[in-house]
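Below are the chains, spelled out letter by letter.
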Amino acid sequence: MNIQSDHKTAVRPATGAGVFVAVVGPSGAGKDTLLNFARRALAGRKDIFFVQRVITRPLDGATEDHIPATQAQFEETSRTGGFAVSWQAHGLQYGVPGDVDRQIEGGKTAICNGSRAALDALRQHFSRFVVINVTAERDVLADRLAQRGRESRDEILARLDRNAMLNTSMSDAVIIDNSGAIEQAGQALVGAIMAAQQTG
């Protein structure tokens, strides 16, 4: 996985009164569902915004609401310093738009669908940074992944083992357990976002 900070106009990390919140989690944890819950719950807040990542895949109405880009468009934006941070994963390119820095410098809280493997680069770029890890019990994750029908049992077990290894590297993360009711975990995520504004 290739990860880099692409902000050419600043040597120092992004600073300001705001905070960058990366919401991460393994497949099957329900991260996107909880982010949608939080987006609705916080829709009236002018001091909180949800980042639209730039991704090299088309919009399909089923996955994350992102800004689609071709490989050439993504590379040009990266070359000209248009991303705060960018990385490659699963054959796709992901970028956090550079204007996020300006909004954070203005005191806003940015909520972003993150990648666990990109956390170090994000920490280096944003001076005020919080990680929220959405997870679920191993059996729940296994059942949800099996229902998707995309992977064999052995592939699912291997994925869960990788998840466990990645989780050990996030000792500073706020943990949201989404094993049960969406409403309960959704409210927990909203509370964690509100608490993040007081960090640092």
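My aim in this report is to walk through the structure given alongside it, one point at a time. (Residues numbered from 1 in each chain as written. Predicted model: local features only at pLDDT ≥ 70, side-chain atom pairs only at ≥ 80, totals over all residues. Heavy atoms only, no water.)

**Notes on the pairing of strand β9 (residues 129–135)**
For β9, the buried fraction is high: seven of the seven residues fall into the buried class. Where burial is concerned, the two faces of β9 agree: the one with Phe129, Val131, Asn133 and Thr135 and the one with Val130, Ile132 and Val134 are both buried. Bridge count between β9 and strand β10 (residues 174–177): four bridges; the pairing is parallel. Bridge pairing links Asn133 to Ile175 in β10. (Buried < 20%, exposed > 50% of the residue type's maximum accessible area, 1.4 Å probe, protein only. Helix = DSSP H or I, 4+ residues; strand = E, 2+ residues; numbered from the N terminus. Pairing = 2+ DSSP bridges.)

**Here's the deal with the pattern of salt bridges**
If you walk through the whole model with that rule in mind, you get four salt bridges. Put simply, Arg79 and Glu76 hold a salt bridge, and the shortest N to O gap is 2.8 Å. One end of the pair is Arg79 and the other is Glu76, both in helix α2 (residues 71–79) and three residues apart, which spans about a single turn. Using a relative accessible area of 57% as the deciding quantity, one classes Arg79 as exposed. Residue class for Glu76 comes out partly exposed when judged on its relative accessible area of 38%. Salt-bridge contacts for Arg123 lead to Asp172; the nearest nitrogen and oxygen are separated by 2.9 Å. Of this pair, Arg123 sits in helix α4 (residues 119–125) while Asp172 sits in the loop between α6 (153–167) and β10, placing them 49 residues apart in sequence. We classify Arg123 as partly exposed; its relative accessible area is 27%. For Asp172, a relative accessible area of 46% gives the class partly exposed. Three or more residues joined by partner-sharing salt bridges are found here, namely Asp120, Arg123 and Asp172. (Salt bridge = Lys/Arg side-chain N within 4 Å of Asp/Glu carboxyl O.)

**Comments concerning the sheet that holds strand β3 (residues 48–50)**
What the five strands build is an open sheet, ordered β3-β8-β2-β9-β10; its pairing is parallel. Each edge of the sheet is formed by a strand with only one pairing partner; in this case those strands are β3 and β10. The mean inter-strand angle of the sheet, taken between neighbouring strand axes irrespective of direction, is 20 degrees. Here strand β2 (residues 19–24) pairs with strand β8 (residues 109–113) via five bridges, running parallel. Note on β8: the bridge partner recorded for Val19 is Thr109. Helix-sheet contacts for helix α1 (residues 31–41) involve β2, β3, β8, β9 and β10, and the interaxial angle to β8 is about 155 degrees. Set on the sheet, helix α7 (residues 182–196) makes contact with β2, β3, β8, β9 and β10; between it and β10 the angle comes to about 165 degrees. (Axes fitted to C-alpha atoms, helices over the stretch in contact; angles between N-to-C directions. Contact = heavy atoms within 4.5 Å.)

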